[in-house]
Amino acid sequence: MREAISEQTYEHWIRPLNLLRMEGGNAVVSAPGEFGGQWVTKKFAKQLAVYLSEEYGASLTLRIVVDPDIKPKSAASPKEERTVKVNPRQPFPRPEFQPRFTFDRFVQGPSNRLALAGARAVGEAPGKKYNPLFIYGGPGLGKTHLMHAIGHDISGRAPDTRVAYLTGQVFAEEFVRAIKSGRIEEFRRFQRSVDVWLVDDVQFIAGKDRTQEELFHTFNSLYETGRQIVICSDRPPRELYLMEERLCSRFECGLVADVGPPDFETRAAILIKKAEDDGITLPIDVVYLMADRIQSNIRTLEGSLCRLIAECSLNGASPTVESAERILKRFFIDVNAEKPTPEKLIEAAALQYGVTAEELLGNGRRAPVSQARQAAVYLCREIWQTPWKQLGSIFNKDHTSAIYAHRSVGETLVRDPKFQTVLDQIVNAAQSRRT
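Below you will find a few notes about this structure.

About the thresholds
- Residues numbered from 1 in each chain as written.
- Predicted model: local features only at pLDDT ≥ 70, side-chain atom pairs only at ≥ 80, totals over all residues.
- Heavy atoms only, no water.
- Helix = DSSP H or I, 4+ residues; strand = E, 2+ residues; numbered from the N terminus.
- Contact = heavy atoms within 4.5 Å.
- Areas by Shrake-Rupley, 256 points an atom, 1.4 Å probe, with all protein chains shown as cover.
- Pairing = 2+ DSSP bridges.
- Axes fitted to C-alpha atoms, helices over the stretch in contact; angles between N-to-C directions.
- Buried < 20%, exposed > 50% of the residue type's maximum accessible area, 1.4 Å probe, protein only.
- Phe/Tyr/Trp six-rings, centres within 6.5 Å; stacked < 30°, edge-to-face > 60°.
- Lys NZ or Arg CZ within 6 Å of the ring centre and 35° of its normal.
- Core = buried A, V, L, I, M, F, W, Y, C linked by side-chain atoms within 4.5 Å.
- Expected span 1.5 Å × (residues − 1).
- Arc of directions from axis to C-beta.
- 1 Å grid on protein atoms, 1.4 Å probe; cavity = no way out; pocket = protein on both sides within 12 Å on 5 of 7 lines; lining within 4 Å.
- Points joined across faces, edges and corners; volume = space filled by probe spheres on them.
- Nonpolar A, V, L, I, M, F, W, Y, C, P; charged D, E, K, R; others polar.

A short note on the overall build of the chain
Of the regular secondary structure elements, the chain holds 19 helices and ten strands. The long-range fraction of contacts in the chain, counting pairs at least 24 apart against all pairs at least 6 apart in sequence, stands at 71%. In the form shown here, the chain has an accessible surface area of approximately 22500 Å², with 50% of it arising from carbon and sulfur atoms.

A short note on the sheet that holds strand β10 (residues 255-258)
If you walk across this open sheet you meet the five strands as β7-β8-β9-β6-β10, and the pairing is parallel. Only two strands of the sheet have a single neighbouring strand rather than two, namely β7 (163-167) and β10. Along the sheet, successive strands turn relative to each other by an average axial angle of 15°, direction set aside. Examined bridge by bridge, strand β6 (residues 133-136) and β10 share four bridges and lie parallel to one another. By the bridge assignment for β10, Phe-134 is matched with Val-256.

Brief notes about the pairing of strand β2 (residues 26-31)
The buried count for β2 comes to five of six residues, which makes it a mostly enclosed element. With five bridges connecting them, strand β1 (residues 18-23) and β2 associate as antiparallel partners. The residue of β2 that forms the bridge with Met-22 is Ala-27. Where β1 folds back onto β2 in an antiparallel hairpin, the turn is made up of two residues, including Gly-24, whose phi is positive at roughly 65°. Here β2 runs beside strand β3 (residues 61-66); their pairing, made up of six bridges, is parallel. When the sheet's bridge partners are listed, Ala-27 is paired in β3 with Leu-62.

Observations concerning the packing of aromatic side chains
Across all of its chains, the model carries eight aromatic pairs by this definition. Ring centres of Phe-264 and Tyr-288 lie 5.6 Å apart, and the angle between their planes is 45°; on these two criteria the pair is classed as tilted. Of the two residues, Phe-264 sits in helix α10 (residues 264-277) while Tyr-288 sits in helix α11 (residues 284-293), which places them 24 residues apart along the sequence. The partly exposed category is assigned to Tyr-288, whose relative accessible area is 43%. Three or more aromatic residues joined by ring pairs form one cluster here, namely Phe-134, Phe-219, Tyr-223 and Phe-251. Sitting over the ring of Trp-384, Lys-339 keeps its end group 4.4 Å from the ring centre. When the ring centre of Trp-388 is taken as reference, the NZ or CZ atom of Arg-381 above it lies at 4.1 Å.

Topic: the nonpolar core
Of all hydrophobic cores here, the largest spans 28 residues; its most connected members are Leu-360, Leu-379, Leu-391, Phe-395, Leu-423 and Ile-426. Of all the elements in the fold, those that place two or more residues in this core are α14 (342-352), α16 (367-384), α17 (388-394), α18 (399-415) and α19 (419-432). The element contributing the most residues to this core is α16, with eight residues. Those residues in contact with Phe-395 that sit more than four places away from it in its chain are Ile-346, Leu-360, Leu-361, Arg-373, Ala-376, Val-377 and Cys-380. Membership of the second largest hydrophobic core comes to 25 residues, among which are Ala-164, Ile-205, Leu-240 and Cys-248.

Description of unusual backbone geometry
The omega angle of the peptide bond from Asn-131 to Pro-132 is 0°, so this bond is cis rather than trans. Within the secondary structure, Pro-132 is located in the loop between α4 (113-124) and β6.

Brief notes about the side chain of His-148
For His-148, the position within the fold is in helix α5 (residues 143-157). The residues contacting His-148, other than those within four sequence positions of it, are Glu-96, Phe-97, Gln-98, Phe-101 and Tyr-165.

Notes on helix α6 (residues 168-181)
Given a rise of 1.5 Å per residue, 14 residues ought to cover 20 Å, and the 20 Å separating the end C-alpha atoms of α6 matches this to within 8%. When α6 is considered as a whole, its buried residues turn out to be Gly-168, Phe-171, Ala-172, Phe-175 and Ala-178. Down the axis, α6 shows its buried residues gathered within 130° of arc, on one side only. On its buried face, α6 is in contact with β7, α7 (184-191), β8 (196-200) and α8 (209-224).

Let's talk about empty space enclosed by the protein
Counted under the stated rule, the structure contains one cavity of 30 Å³ or more. What lines the largest cavity is simply His-12, Trp-13, Pro-16, Leu-17, Ala-31, Pro-32, Gly-36, Gly-37, Val-40 and Thr-225. Those elements that provide at least two residues to the lining of the largest cavity are α1 (7-14) and α2 (34-43). The element contributing the most residues to the lining of the largest cavity is α2, with three residues. Along the lines of polarity and charge, the residues of the lining of the largest cavity split into six nonpolar, four polar and no charged.

By themselves these figures say nothing about function.
Below, the structure is given as structure tokens:
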């Protein structure tokens with residue numbers, strides 16, 4: 001078969017198969033997933049049956065069974081006794097999941113309900129529902145917590161399940177090392193032999209063509225054999241700039257769920273739960289103060305609580321509104337800075353590029369004008385999550401122009417991360433501008 005089809009097709013469809021036994025005129029072959037078994041039956045059954053008939057000197061019909069744990073037996077041949085080669089499940093390194101990142105310690109709110117439901121479903125029955133699961137959201141909102149919780153849940157229910165957890169950066173670095181050391185086949189075998197594949201921060205591979213190609217084929221190999229895939233990113237698939245279109249479309253073929261910033265009630269619940277986990281009873285007025293002041297992300301929220309508890313412990317005192325105020329002013333003075341309005345962002349972007357706000361909102365195409373416009377569009381979308389149609393109206397353009405401007409800045413950031421400094425300068429200037 002390997003000589004009759006492409007190497008890629010062979011690796012994806014034929015290599016995972018195992019000849020189990022002969023039953024009358026049937027050659028019983030195991031496939032590791034229902035989808036893969038159906039595809040092989042449809043596309044390759046007749047061809048495989050011909051080759052097997054020639055090999056065993058008898059007319060055989062192929063019968064596919066789906067069970068990844070079946071171990072092949074000896075296959076009796078009319079000519080001679082043959083032993084079917086098997087691919088035993090080798091010992092698999094178990095990922096080190098954070099002990100505190102479990103479903104029990106994840107606080108549900110309106111902004112993460114869908115992502116949590118999808119993650120729980122995957123943990124209960126990997127490969128059966130929501131495959132792939134794609135979770136996206138800003139930093140510090142709980143994406144990694146959900147990934148680790150899935151790993152804990154699956155490992156607890158079925159300890160023999162081969163679970164791999166890695167980041168996009170680790171995948172890229174390991175891939176490069178495998179190429180340099182001539183271990184690319186070993187790398188591929190490892191990545192494609194797992195039962196559950198958890199990839200965090202996949203946006204890191206954007207712009208890395210060969211890494212994307214490798215991840216694409218690994219994704220296909222796992223998906224087509226029914227293995228569970230969970231991907232996390234800082235943005236939805238369609239906004240993964242410099243990412244191949246075919247890869248983004250793969251990410252979208254399952255459940256895509258976002259994790260947004262928590263509302264006030266969820267932030268308060270997070271503080272109470274974390275304090276209880278640390279054996280601390282937090283006064284409700286302290287909870288409300290901190291939940292109101294810190295709205296950026298959960299990581300910052302928990303960090304402020306850790307500092308408050310540490311300071312109170314050193315002083316032998318209980319947390320109070322006054323001590324919380326001191327912590328917030330000392331360490332988190334900017335976390336509740338008012339978000340600059342689109343109007344202020346437009347003025348600041350125009351000033352950054354030496355043009356006027358009227359030029360930015362006009363039809364001028366000079367480089368400074370276009371660059372200022374694109375930066376302002378990008379920041380309005382990122383800070384306010386303004387709908388595309390509304391965003392186009394703000395800039396006197398249609399929604400497709402707004403999408404193009406946002407994508408252009410996103411691609412620039414991938415190529416040149418230092419450009420973030422320019423955007424930060426615009427935001428800081430917008431925040432300091434008086435109405």
